[in-house]
Amino acid sequence: MRIAVIADIHSNIVSLNEVLFDIGYRNVDSIVCLGDLVGYAPYPNEVIDNIRENKILTIKGNYDEAVGEELMVCGCDYPDPKDAEIAGISLNWTIEETREDNKKFLKNLPMEMNMSFEGKTIKFVHGSPRKINEYLKENSKEAEEVMSGFDGDILVCGHTHKPYYKIYGSKMLVNAGSAGRPKTGTPKANYVVIDLYGGTPRVEIYEVVYAYERVAKATEKMGLPQEFADIIRTGKA
């Protein structure tokens, strides 16, 4: 089985369309989305509609939870008060713009998903199995702790917006990066493909060029914070 995994689209329909087009060339058997469909960019309904129409297997991200439940905070856990303030602006704007049927879709998304293939068990989460908004950054103490207690074969997460994979003994941790708001120092969207054929899992990381300037300008036109447009243009946060 070859599984394409996308995450953290964050209302960027332009990048999502290009990523799905690119996935079409990768000979995959399934697509899984790790959530955070909405927030920051100006196309929440378009992204949700696309995911729904394509029947993509999707779990809930912290931003999906906040919009679906109409919460006061996005669960982004920003240490900088300014970052928290502008995230609040984005959350309020997204709640107002997202249709009620799409809010219901976000609200009803599962928190995690499990698969098995050829004796390998895979768990898909947004942040970590412990917490929806926990960052499992590459080589972090948190990742080490989670993987030491993980009883499956492959754990797949998002939330950091940076793709990577790492072996922990007989187990593997995969981060799917971001298909809409990358933080890799480049505006290219990214995603991963997990190949389970042949017994030994392999991970492929892909970058996708898209018309990021179009999204940045639309973000500015909607009156969203300038920082959001800057991240789309640079891939730096």
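Now for a description of the structure that goes with this document. Predicted model, so just to flag it, every value in this text is computed and none were measured. (Residues numbered from 1 in each chain as written. Predicted model: local features only at pLDDT ≥ 70, side-chain atom pairs only at ≥ 80, totals over all residues. Heavy atoms only, no water.)

Within the protein, the regular secondary structure consists of eight helices and ten strands. Here the C-alpha atoms of the protein give a radius of gyration of 17 Å, agreeing with the 18 Å that 2.2 N^0.38 yields for 237 residues. On the principal axes, the C-alpha backbone points of the protein span a range of 50 × 35 × 35 Å. A buried classification covers 56% of the 237 residues belonging to the protein. For the protein, restricting intrachain contacts to residue pairs at least 6 apart in sequence, the fraction spanning at least 24 positions comes to 68%. Roughly 10,500 Å² of accessible area belongs to the protein as shown, and the carbon and sulfur atoms make up 50% of that amount. (Helix = DSSP H or I, 4+ residues; strand = E, 2+ residues; numbered from the N terminus. Rg over C-alpha atoms; globule rule 2.2 N^0.38 Å. Buried < 20%, exposed > 50% of the residue type's maximum accessible area, 1.4 Å probe, protein only. Contact = heavy atoms within 4.5 Å. Areas by Shrake-Rupley, 256 points an atom, 1.4 Å probe, with all protein chains shown as cover.)

In this section: helix α5 (residues 100–107). Listed in full, the buried residues belonging to α5 are Asn102, Lys103 and Leu106. Taken end-on, α5 shows its buried residues confined to a sector of 105°, consistent with a single buried face. Across from the buried face of α5, at angles greater than 90 degrees, the exposed residues are Glu100 and Lys104. Buried residues along α5 sit against α2 (44–53), α3 (62–68) and α4 (81–97). (Arc of directions from axis to C-beta.)

Before going further, it helps to examine the sheet that holds strand β6 (residues 154–157). Strand order across the open sheet formed by five strands is β4-β5-β6-β8-β7, with mixed pairing between neighbours. Each end of this open sheet is capped by a strand with a single partner; those strands are β4 (113–117) and β7 (164–168). Each adjacent strand pair in this sheet contributes to an overall mean axis angle of 15°, direction not counted. One ladder, built from five bridges, connects β4 with strand β5 (residues 120–124); its direction is antiparallel. Note on β5: the bridge partner recorded for Asn114 is Lys123. Relative to strand β8 (residues 171–175), helix α6 (residues 141–149) is tilted by about 135°, and along the sheet it contacts β6, β7 and β8. (Pairing = 2+ DSSP bridges. Axes fitted to C-alpha atoms, helices over the stretch in contact; angles between N-to-C directions.)

To continue, consider the sheet that holds strand β3 (residues 57–58). Each strand in a sheet pairs with another by means of backbone hydrogen bonds, the pair being arranged parallel or else antiparallel. Strands sit in the order β3-β2-β1-β9-β10 across an open sheet of five strands; the sheet is mixed. Of all strands in the sheet, those with a lone pairing partner are β3 and β10 (202–208), marking the two edges. Pairing of strand β2 (residues 30–33) with β3 involves two bridges; the strand directions are parallel. Paired with Cys33 across the bridge in β3 is Thr58.

Further remarks concern α6. Within the sequence span of α6, burial applies to Ala143, Val146 and Met147. An end-on view of α6 places all buried positions within 95° of arc, on one side of the element. With respect to the buried face of α6, the exposed residues turned more than 90 degrees away are Lys141, Ser148 and Gly149. Where the residues of α6 are buried, they touch β6, β7 and β8.

The tally for this structure, following the rule as stated, stands at 16 salt bridges. One salt bridge connects Glu100 with Lys103, and the closest N-O pair in it is separated by 3.2 Å. Of this pair, Glu100 and Lys103 both sit in helix α5, three residues apart, roughly one helical turn. Its relative accessible area of 55% is what places Glu100 among the exposed residues. In this structure Lys103 comes out as buried when scored by relative accessible area, which is 6%. In this structure, Glu145 engages Arg130 in a salt bridge whose closest nitrogen and oxygen atoms are separated by 3.2 Å. (Salt bridge = Lys/Arg side-chain N within 4 Å of Asp/Glu carboxyl O.)

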